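Report on the structure
Each chain is listed here by its residues.
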Amino acid sequence: MKKKLILLIVLLFMITGCRDRTLDEVYKKMLIRNDGLTGYQINLRITGDYLQKRVNEYFQIRNYKHEQVIIRQPHRLTNSEDYLLIEKDKAYDVTSRDGKEVRTLKKGFKYTGTDIYIDIFKNIKELTKEADKEISGKTYSVYKVIVNKKTLYPILKDTILKDEVLENDVPGMIWIDSEGYIHKMTYALNEVLKDNPEPLELSINYTDYNEIIPRKYRDNLD
């Protein structure tokens, strides 16, 4: 009877997927709340080869308390500063020219928020703790994961891969810093895209925890 009970517990653990209390705590810590985390910067990149072309797509996202979010594509910047601003439940295209800002309201724009990146933690199907890694004197906890492919669609919808269908759940690596925040996540997209055998990686890096300051404006937005 005891052997059957142990076997049942093992099978249940395999079916429901591996959970790690550390990652559960990381997920909670990454939620921006008034009594905790106030903000962060996300650097999102898609790099590698796609449709036989070299790809290097880059987004920079700065979130302050979900009250003000600024999204930039640095590779598009020339002598001006163009970005998307989400503030007071409205979205604006902002263009700077010769020291003057032009803000255009984006009507009907749907913003999904930065929680879509940490929602991956709720959809981990396989999990393996790897050896810790040390980089530049800092030690990171590293996890090898398989995540539900549906979790990545909201992340990819505004990128070059917005129309792609992922064939399988996605392998990745998650790095956690010594303070319990996400340092980076990487996902091997080439392994789940049809007819794209060359390396293609989605990377999501977090920086500037609790250091984001809301941008101030001289005038009110319409």
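Now for a description of the structure that goes with this document. (Residues numbered from 1 in each chain as written. Predicted model: local features only at pLDDT ≥ 70, side-chain atom pairs only at ≥ 80, totals over all residues. Heavy atoms only, no water.)

Of the voids in this model, the largest pocket is the one considered here, and its volume is about 600 Å³. What lines the largest pocket is a set of 27 residues, among which Phe59, Ile71, Gln73, Leu84 and Asp158 lie closest to the centre. Sorting the residues of the lining of the largest pocket by element identifies strand E2 (53-64), strand E3 (68-72), strand E4 (82-87), strand E5 (90-97), helix H3 (115-118) and helix H4 (153-156) as the ones contributing at least two each. Roughly 330 Å³ of volume is contained in the second largest pocket. Lining the second largest pocket we find 14 residues, and of these Lys138, Tyr140, Asp177, His183 and Tyr209 sit closest to its centre. Elements that contribute at least two residues to the lining of the second largest pocket include exactly strand E9 (138-147), strand E11 (182-188) and strand E12 (200-207). If you tally residues by element for the lining of the second largest pocket, the top one is E9, at three residues. Residue composition of the lining of the second largest pocket, grouped by class: five nonpolar, five polar and four charged. (1 Å grid on protein atoms, 1.4 Å probe; cavity = no way out; pocket = protein on both sides within 12 Å on 5 of 7 lines; lining within 4 Å. Points joined across faces, edges and corners; volume = space filled by probe spheres on them. Helix = DSSP H or I, 4+ residues; strand = E, 2+ residues; numbered from the N terminus. Nonpolar A, V, L, I, M, F, W, Y, C, P; charged D, E, K, R; others polar.)

Our focus in this paragraph is the pattern of salt bridges. Oppositely charged side chains may form a pair once their charged atoms are brought near each other. In total, this model carries 10 salt bridges according to the counting rule given. Taking the shortest distance from any N to any O, the salt bridge between Lys28 and Glu25 comes out at 3.8 Å. With Lys28 and Glu25 both in helix H2 (residues 21-29) and three residues apart, this pair spans about one turn of that helix. Here Lys28 falls in the exposed class, since its relative accessible area comes to 51%. A salt bridge links Arg54 to Asp49; its shortest N-O distance comes to 3.3 Å. With relative accessibility at 65%, the residue Arg54 sits in the exposed group. A residue is classified by how much of its surface remains accessible, and Asp49, at 22% relative accessible area, is partly exposed. Ionic contacts of the salt-bridge type, sharing partners, join the residues Glu101, Arg103 and Arg215 into one network. (Salt bridge = Lys/Arg side-chain N within 4 Å of Asp/Glu carboxyl O. Buried < 20%, exposed > 50% of the residue type's maximum accessible area, 1.4 Å probe, protein only.)

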